[in-house]
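# Reading the structure
What follows is each chain in one-letter form.
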Amino acid sequence: MGCTNCLQFPSGSLVLPMNCSALSAIQVSSRGLGQSRASGSLFTSYRVHQARCFVAMTKALGDEPNMRVPHVLTVAGSDSGAGAGIQADLKACAARGVYCSTVITAITAQNTVGVQGVNIVPEDYVAEQLKSVLSDMHVDVVKTGMLPSIGIVKVLHQSLKQFPVQVLVVDPVMVSTSGDVLAGPSILTAFREDLLSMADVVTPNLKEASALLGGVQLETVDDMCSAAKSIHDMGPRNVLVKGGDLAASLDAVDIFFDGERFYELRSSRISTRNTHGTGCTLASCIAAELAKGSSMLSAVKVAKRYVETALAYSRDIAIGNGVQGPFDHLLKLKSNIHGSRRRDRFDPGDLFLYAVTDSGMNQKWGRSITDAVRAAIEGGATIIQLREKDAATEDFLEAAKACIKICHSYGIPLLINDRIDIALACDADGVHVGQSDMPAGVARRLLGPEKIIGVSCKTPEQAHQAWVDGADYIGCGGVFSTNTKANNITVGLEGLKAVCLSSKLPVVAIGGIGASNVQSVMEIGVPTLKGIAVVSALFDQESVLAGTQKLHALLKETASTVK
């Protein structure tokens, strides 16, 4: 039975009491020192409306001088295992695009098994850290975690009175999931008297809510609602009671109370051992979203969705031998653990035989994209670009995920044509963009320094701009006329040579190149020309394997002659 006054989100139905408004909610709960038994569905389909979203991203990534960035200060303990505490806060804020400074209140020795030791930082040094940050930096939000002594609570209280901030997020960390006490009962009074009245939101789990209320047992959703109301009466403007340990519910349930309405956030649990740090992360994400200007309800919603997504991504990673492992805040770790032979960085030699896929040609010959990619690699292709102009986003993404597994099993890079959203979603090795697509500089800032970025260029001026923008290579063409790209102006061998001579980047020639003219292309004799990019010569053939083998042999023979 749920809370009778709550906005409920049970599976398959929606109940809206008269005093509630609709909220699209995704649940994630927490317990202990950033611990959680969290919930939710797996990733929803990654779909981005390119034009609208990328225009917004371009503006957001502009070079406005003296731009003040959102800033969260976390006041918490250090976790040597880096799953929770200060380390989780730093990673969460970085993932949400917010600057995070730190004040360390305790140094813990802990891992996936439990907490082996706690060394409390002297109060005067906590005060000195607080003064250093708050007196100099413009902090938008302070988020608290482990506050292990009454003195530290009072030091924080005084510092916030001296240096007021916009928002205070209190995560009342008291006991780790393994049962280790991180803040004793004597601190409860200080919490109630000095912090809760200043807090904009407090985020206790069931054990912490019970402790704040003098040991009241919380066993039902109605109990959680009552607890949220009682804690709210102590002074905080909003309360989020996290029900990860609620035995009476098969779902994971949280209660959010803003002083007027209760919101019951309910969804299925994510089954994973990797829940260490979700409480710290959830509170830090709420702080980050508030620092960016979100409303409280929106901040809670975004934070829950972020933690849920990270848990779903991390559900099968293995770090440590204990019962509770950390999760991946940046959604990056799995890209390095699938036995791939991906190179650390771009090698210009990868441009030697550059295969560009074409869905129409594959359909014509009755083969799948994965079969075509595998055959091209086995025939000698040194890099693959997926160019699927007519594919639906969901289909393109699934094809890209399948192809990247194939490419990495052979140690071959895979790039996505134009679609940076697809490249991000499948963690491709990079993208290739045209002159009318997203600028390479913006693509670089979105993709990061390690990804490969290629740019189509027809002139020396465009080649120079590609270098300025941080591209890794340029594709020059069409060298000859081709049926794969309508209204494409050809540059000819002289145009190709002019671009190669002026380019500071490696060049791959593209456009109408095949067995009959590959020799003339490579014989222009400019060192920056590293290879050819082909479509029809490989994929508009009955056998992709045979076509690739033939072209690779010709290319290799020509290259040896030119040298």
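For the structure itself, consult the block above.
Each value, and the rule that gives it
Residues numbered from 1 in each chain as written. Predicted model: local features only at pLDDT ≥ 70, side-chain atom pairs only at ≥ 80, totals over all residues. Heavy atoms only, no water. Core = buried A, V, L, I, M, F, W, Y, C linked by side-chain atoms within 4.5 Å. Buried < 20%, exposed > 50% of the residue type's maximum accessible area, 1.4 Å probe, protein only. Helix = DSSP H or I, 4+ residues; strand = E, 2+ residues; numbered from the N terminus. Pairing = 2+ DSSP bridges. Axes fitted to C-alpha atoms, helices over the stretch in contact; angles between N-to-C directions. Contact = heavy atoms within 4.5 Å. Arc of directions from axis to C-beta. Right-handed = clockwise from strand over helix to strand, strands pointing away.

The biggest cluster of nonpolar side chains holds 79 residues, and the ones touching the most others in it are Ile384, Leu386, Ile416, Leu496 and Ile532. In terms of residue count, helix H12 (residues 393-409) provides more of this core than any other element does, eight residues in total. The next biggest cluster of nonpolar side chains, apart from the first, holds 45 residues, and it includes Val126, Val142, Leu156 and Ile231.

Another aspect to go through is the sheet that holds strand E16 (residues 473-477). Strand order in the closed barrel formed by eight strands is E11-E12-E13-E14-E15-E16-E17-E18, with parallel pairing between adjacent strands. The average angle at which neighbouring strand axes cross in this sheet is 25°, direction not considered. Relative to strand E12 (residues 383-386), helix H11 (residues 369-379) is tilted by about 160°, and along the sheet it contacts strand E11 (353-356) and E12. The strands that helix H15 (residues 460-468) touches are strand E15 (452-457) and E16; relative to E15, the one it contacts most, it runs at about 165°.

On to the environment of His232, then. Mapped onto the secondary structure, His232 falls in helix H7 (residues 221-232). Placed 36 residues apart in sequence, His232 and Leu196 show a C-alpha to C-alpha distance of 8.6 Å.

To continue, consider helix H16 (residues 492-502). Those residues of H16 lying buried are Gly495, Leu496, Val499 and Cys500. Down the axis of H16, the buried set is contained in an arc of 135°. They therefore lie on one face. With respect to the buried face of H16, the exposed residues turned more than 90 degrees away are Glu494 and Leu501. In the core, the buried residues of H16 are packed alongside H15, E16, strand E17 (507-510), helix H17 (518-522) and strand E18 (529-534).

Taken across its five residues, E16 has five buried, putting it largely inside the fold. Residues of E16 alternate between two faces, with Tyr473, Gly475 and Gly477 on one and Ile474 and Cys476 on the opposite face, all of them buried. In the sheet, E15 pairs with E16 via four bridges, with the strands oriented parallel. Bridge pairing in E16 places Gly454 opposite Tyr473. The β-α-β motif built from E15, the intervening H15 and the parallel element E16 has right-handed crossover chirality.

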